[in-house]
Amino acid sequence: MNAKKSRNVTENGETVEDSILMTLIGNGEDLAPMVRHSFEMGKPETLVLQLKHVVKKKEVEIEELCKLHYEEFIVAVDELRGVLVDAEELKSELASDNFRLQEIGSALLLRLEDLLESYSIKKNVTEAVKMSRMCVEVLDLCIKCNKYVADGQFYPALKAIHQIEENYMKVIPVKTLKNLVEKRVPVIKNHIEKKVCGEINEWLVHIRGTSKEIGQKAIGFASSSRQRNEDMLARQKKAEEESCLGLGDFTYSLDVEEIDDNSVLKINLMPLYRAYYIHVCLGIRDQFREYYFKNRMLQLNSDLQVSSLQHFLSSHQTYLAQIAGYFIVEDRVLRTAGDLLSPSQVQAMWETAVSKVTENLEYQFSHMDTASHLLLVKDYVTLLGATLRQYGYDVGYILDALTNSRDKYHELLLVECRQQIKDAVNDDDCKQMVLKESEYSTNVLCFHLQTSEIMPGFPYVAPFSSMVPDCCRIIRSFIKDSVNYLSYGGQTNFFDFARKYLDKLLIDVLNDVILSTIKSSNTGVSQAMQIAANISFLERACDYFLQTAAKQCGVPTRMIARPQTTLNAKNVLKSTREKSYVALVNLVNHKLTEYLSLMEKVNWIIDDVAQHKSEYMNEVVMYLDTLLSTAQQVLPLDVMYKIGSGALEHINNSFVNTLLSDSLKRFTANCVMGINNDFKTLEEFADERFHSTGLSEIYKEGSFRGCLLEMRQLINLLLSSQPENFMNPVIRMRNYNSLDYKKLAIICEKYKDSPDGLFGSLSKRGAKQSNRMKSMDVLKRRLKDFN
C-alpha cells in the first residue's frame, strides 16, 4: 500500500520534499538549514534535483502568467514610447536653461574672485601690521634687557627676558628674529649667572675676612655680660651674708640692662640676598643653594684647621673667634635669606665644626703640660660656648671638651699624687706606729682616725702604719689644688666636681696602689694583714676628706650630712678591704699548703699507730697561733674569724683532697688513727682560740671546730665498727651529714683494714676487724649501687 502511495505522489510530479521546499521559497525563508542538512546526510544530489524541479515549475508559472497578461504588456510598451518622447523634449529645455544660467554665472564669478582677492590683501596687511608691532615690542624688550645687563641691573634684565619667553617667544612671526632671540636668551642668562657668581665669590672672600672681627666682638660682648653677672652675684651674696648676720637690710633690686647700639653686630648680606634671588629667577635655585653650601663648607673646613706655625696657646683666640663669626653669619643667613639654607644644612655645618673643634681641643689639651695654659684656653672656650648658645647652637659637645680639660688638669695632679702615694706605701714598713703625744694630733686627730674620744696613754701604739697619715696628707693637698682649679672663673657650684675628682683620687690612685701592693708577690702575710687594717682607717678618713672638700667649696656642713653626698670611694675601699681579706686568706692558705706538703712523707700503710702528734701538724698549729695572735691586735674580730675559718677549712679540704688524689692508692686504719690524733690536737687548739679571743660571744651558733667537720665525720666513719650504717638516713643525717657519696665511695675503695704485708692474711687481728671490714665491704657495694 505504501508503494502504491509513493507511486501516486511521484506521478503527480511533486513529492513531499518538493512541497516543503516550495513553501519555504514562497515564504522567503532561509534555505541554509536544509542545505546544511543535505550535506550532513550525504545526499546533496537529491536537494539539487528538487531545486531544479522547483525552477522548472516556476518557469511554467511565469510562462502562464505572461500569456495571461500579454495584451497589458503591449499597452505598457506603447506608453513607455510616449514617455521617451516627452523626456527628449524636457532634455532640450533643460539644455537651453543651463546655457543661459552659465552666461549669467560667469559674470558673477569674476566679481566674486575680485572680492576674495581684496579680502586676502586686507588680511595680509593686517597680519603684517600685527607682526610688525609684535617684532617692535620684542626688540624693545631686547634693548631694555641689554641696557639692564650693561648697567648691572640683572633683576630687571631677567624680568624682561621672562616677558619675552612667556609672551613672545612662541609667537614671534619672523623666523630670523625668533632664531636670534632663542640663541641670545641663554647667552644672556649665562652671562648674568657668571657675573652674579663672581660677585658672590667676592662676597664670600669678604665675609670670611670679617668673620674673625664679628666673632671677637660677639665674644667680647659675652665676656662683658659674664663679668656683669659675676659682679651681680657677688653683690647679692654679700648682701645675703650681711642680712643673715644682721649687719644690714636685705633688699632686692632689679637691674635693667640697656642695649648698647655698639653691641649689635652689623653684617652685610645684601649681595647674598641679591645673588640668591637672581638664581631663583633663573630657575636654578637648588644649584645656587648647593653652590653656597659647598663653598661655605670649604671655608669652614679651612677655618677649622689649626695652624702648625704658631703655638695653640697664642692662636686659640683667633681660631675660636673665626669659628664664632662663621656661625653667627650662618645664623643670620638662615633667619633672613628665605630657604637659601635649611636647618639641616646648618646643623650639618655645626656638627662638622663641633667634631673638628672638639678633636682639636682634645688634641691640644692632651699635649699641654701646664695647668695655667689649660686655664687660659678653657676660659676662652667657655666664652665661645656662651656666645654661640645665644644664637641657638648646641654647645654641649664643645663644653664636653672643657670637661676633658678639667680632667686633664686633674690628671696632672693625679699623676703627682700617684707617685707620692706609691712612695708612701713602698716606704711603709707595715708596722704599727708608735706615737708620742705631740705626734698624736698631727697623725691621728687631724684626720679623724681616733678610735675613741678618750685620750690614750703614751706612747700610743696605733693600729695602723705610717702609710695612713702620709696618704691622708697627700689627699688633703690634692683637695686644695683641685678646688683652686674648679673655683677659677667665678664658678659657685663646683662641689660636685670636687667630690668627683676626690673620688677619682681615692679610687683610681689610692685604691689602685693598694690593690697593686696586695697583689704583689713580695707581699707577705704580716704585710697583707697590716695593709688590710690600714684600709679600714683610710675608709674611715673618707668622711674627713669630704668635709674638707665641702669646706673649701663653701658648702654648709649640713649639706654633706645627707646620705647621697657620701663618697663612692668609701664603698670601693670597703670592697678592696674585703679583697685584701681574701688575699690574706689566700696567703695564709698558701703558707699552710707549704706546711701540709710534709704529708707527702706520711706512711699511709703504717703497721703501728703513731703515738705522738705529727711534725707537720706541730708546724701548722704553731703558725695558726702566731697568725691569730697578730690578727687579734690589728684586725676586727669578724675578720679574724674569717681568717681562722678559712685556714681551718683549707686544712680540712687539703686532707680530703689528699685522700681523693690519684697518687694515694691505699691507706690503712692505723694511718687513720694517726690522723685522728692530729685532728684532735687541731680541734683542741681551735676551741681554745675560739673562746679565748671572745669569738664565742659573737658567734653563738658557730665555731672553728665546725670548719673541720667533714674530716672529723670521715675519720669517725672509717674507724666505726659498722660503717654500713652510713646508708641509714637517720644515722647519716645525725653523724655524717657533711660527707658526699661520690667522695666517700672513692676514699672507701682505698681504705684497707691492715697493710698488705707478706703475712697479712695470717695476722691476728681477730674477728672484730674482720666484721668491720665486712661492714665496710657492704658500704662499698651500696655506694657503688647508689652512684
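Residues numbered from 1 in each chain as written. Predicted model: local features only at pLDDT ≥ 70, side-chain atom pairs only at ≥ 80, totals over all residues. Heavy atoms only, no water.

## Describing the overall build of the chain
Part 1: Regarding its fold elements, the chain presents 26 helices and four strands.
Part 2: When the 787 residues of the chain are sorted by exposure, 38% land in the buried category.
Part 3: Long-range contacts, defined here as pairs at least 24 residues apart, represent 79% of the contacts in the chain between residues at least 6 apart.
Part 4: Of the roughly 46600 Å² of accessible surface on the chain, a fraction of 53% belongs to carbon and sulfur atoms. (Helix = DSSP H or I, 4+ residues; strand = E, 2+ residues; numbered from the N terminus. Buried < 20%, exposed > 50% of the residue type's maximum accessible area, 1.4 Å probe, protein only. Contact = heavy atoms within 4.5 Å. Areas by Shrake-Rupley, 256 points an atom, 1.4 Å probe, with all protein chains shown as cover.)

## Section: the nonpolar core
Part 1: Core analysis: the largest hydrophobic core is formed by 137 residues, its most contacted members being Phe327 and Phe545.
Part 2: If you tally residues by element for this core, the top one is helix H7 (residues 175-244), at 13 residues.
Part 3: Those residues within four positions of Phe327 in sequence are excluded, and the remaining contacts are Leu300, Met349, Trp350, Ala353, Leu388 and Tyr393.
Part 4: The next biggest cluster of nonpolar side chains, apart from the first, holds 71 residues, and it includes Ala528, Leu624, Leu635 and Ala669. (Core = buried A, V, L, I, M, F, W, Y, C linked by side-chain atoms within 4.5 Å.)

## Some words on the packing of aromatic side chains
Part 1: Applying the stated criterion to the full structure yields 19 aromatic pairs.
Part 2: Where Tyr440 meets Tyr460, the ring centres are 5.3 Å apart and the plane angle is 90 degrees; that geometry is what we call edge-to-face. One end of the pair, Tyr440, is in helix H14 (residues 437-443); the other, Tyr460, is in strand E2 (residues 460-461), and 20 residues separate them in sequence. Neither residue differs from the other here; Tyr440 and Tyr460 are each classed as buried.
Part 3: What links up through ring pairs into an aromatic cluster is the set Tyr326, Phe327, Trp350 and Tyr393.
Part 4: One residue, Arg406, lies across the ring of Phe497, its end atom 4.0 Å from the ring centre.
Part 5: The ring of Phe726 has Arg732 sitting right over it, with the charged end atom 5.8 Å from the ring centre. (Phe/Tyr/Trp six-rings, centres within 6.5 Å; stacked < 30°, edge-to-face > 60°. Lys NZ or Arg CZ within 6 Å of the ring centre and 35° of its normal.)

## Re the side chain of Glu710
Part 1: Mapped onto the elements, Glu710 comes out in helix H23 (residues 709-718).
Part 2: Residue Glu710 is classed as buried on the basis of its relative accessible area of 17%.

## Here's the deal with the packing of helix H20 (residues 637-660) against helix H21 (residues 669-692)
Part 1: Orientation of H20 relative to H21, taken along the N-to-C sense of each, is 170 degrees, at an axis distance of 12 Å. On the basis of their axis angle, the class for H20 and H21 is roughly antiparallel. From H20, Tyr641, Leu648, Ile651 and Phe655 reach across to H21, where they touch Ile675, Phe679, Leu682, Ala686 and Phe690.
Part 2: Here the contact of H20 with H21 is built from residues that sort into nine nonpolar, no polar and no charged. (Axes fitted to C-alpha atoms, helices over the stretch in contact; angles between N-to-C directions. Parallel < 35°, antiparallel > 145°, perpendicular 65-115°, else oblique. Nonpolar A, V, L, I, M, F, W, Y, C, P; charged D, E, K, R; others polar.)

## Examining the side chain of Glu683
Part 1: Tracing the chain through its elements places Glu683 in helix H21.
Part 2: When sequence neighbours within four positions are dropped, the list of residues in contact with Glu683 reads Arg705, Leu708 and Arg712.

## A closer look at the pattern of salt bridges
Part 1: The tally for this structure, following the rule as stated, stands at 24 salt bridges.
Part 2: Note that Lys58 and Glu61 form a salt bridge whose closest N and O atoms lie 3.7 Å from each other. Placement of the pair is Lys58 and Glu61 together in helix H4 (residues 44-68), with a separation of three residues, close to one helical turn.
Part 3: Since its relative accessible area comes to 32%, Lys58 is described here as partly exposed.
Part 4: Overall, Glu61 belongs to the partly exposed group, its relative accessible area being 36%.
Part 5: Arg689 is the salt-bridge partner of Asp625, the closest N and O atoms lying 2.2 Å from each other. Residue Asp625 is located in helix H19 (residues 615-634), and its partner Arg689 is located in helix H21; the two are separated by 64 residues in the primary sequence.
Part 6: Since its relative accessible area comes to 30%, Asp625 is described here as partly exposed.
Part 7: We classify Arg689 as buried; its relative accessible area is 9%. (Salt bridge = Lys/Arg side-chain N within 4 Å of Asp/Glu carboxyl O.)

## Some words on the packing of helix H15 (residues 467-486) against helix H16 (residues 495-519)
Part 1: Taken N-terminus to C-terminus, the directions of H15 and H16 make an angle of 150 degrees; their axes are 10 Å apart at the nearest point. Between H15 and H16 lies a crossing whose hand is right-handed. Side by side, H15 and H16 meet where Met467, Cys471, Ile475, Phe478, Ile479, Ser482, Val483 and Leu486 of the first sit next to Phe497, Ala498, Tyr501, Leu502, Leu505, Leu506, Leu510 and Ile514 of the second. (Left-handed = near helix turned anticlockwise from the far one by under 90°.)

## A look at the environment of Thr566
Part 1: Within the secondary structure, Thr566 is located in the loop between helix H17 (525-553) and helix H18 (568-596).
Part 2: Sequence-wise, Thr566 and Cys542 are 24 residues apart; in three dimensions their C-alpha atoms are separated by 8.5 Å.
Part 3: Aside from chain neighbours lying at most four places away, what touches Thr566 is Arg499 and Leu546.

## Topic: a nonpolar patch on the surface
Part 1: A surface patch of nonpolar side chains, about 510 Å² in accessible area, is lined by Leu109, Leu112, Leu115, Leu116 and Tyr119.
Part 2: Here Leu109 shows up in helix H5 (residues 70-151).
Part 3: Residue Leu109 is classed as partly exposed on the basis of its relative accessible area, which comes to 45%. (Patch = residues over 30% accessible without salt bridge, like charges linked within 9 Å, V, L, I, M, F, W, Y side chains within 5 Å.)

## Here's the deal with the confidence of the model for the chain
Reading fine detail from the predicted coordinates is not recommended where pLDDT is low.
Part 1: Per-residue confidence for the chain gives a mean pLDDT of 81; residues scoring 70 or more make up 88%.
Part 2: For the stretch residues 247-263, pLDDT sits under 50, and the model shows 12 contacts to residues farther than four places along the chain or on other chains. (pLDDT = per-residue confidence, 0-100.)

## Examining H17
Side chains three or four residues apart in an α-helix point the same way, a direct result of the helix having 3.6 residues per turn.
Part 1: Here H17 spans 42 Å end to end across 29 residues, near enough to the 42 Å set by a 1.5 Å rise per residue.
Part 2: At Ala541, H17 shows its maximal bend, which comes to roughly 30 degrees.
Part 3: The buried count for H17 comes to 21 of 29 residues, which makes it a mostly enclosed element.
Part 4: Once H17 finishes, Gly554 follows within two positions and takes phi at roughly 75 degrees, a positive value. (Expected span 1.5 Å × (residues − 1). Bend = angle between axes of the 7 residues up to and from the residue.)

## Some thoughts on unusual backbone geometry
Part 1: Following Phe458, the chain continues into Pro459 via a peptide bond in cis, with omega recorded as 0 degrees.
Part 2: The phi torsion at Cys430 lies on the positive side, around 55 degrees, for a residue other than glycine.
Part 3: The backbone phi angle of His448 is positive, close to 60 degrees, even though this residue is not glycine.
Part 4: Along the chain, His448 turns up in the loop between H14 and E2.

## A closer look at a negative patch on the surface
Part 1: Negative charge collects at one region of the surface, where Asp86, Glu88, Glu89 and Glu93 lie side by side.
Part 2: Within the element layout of this structure, Glu93 appears in helix H5. (Lys, Arg positive; Asp, Glu negative; His and termini not counted. Charge placed at Lys NZ, Arg CZ, Asp CG, Glu CD.)

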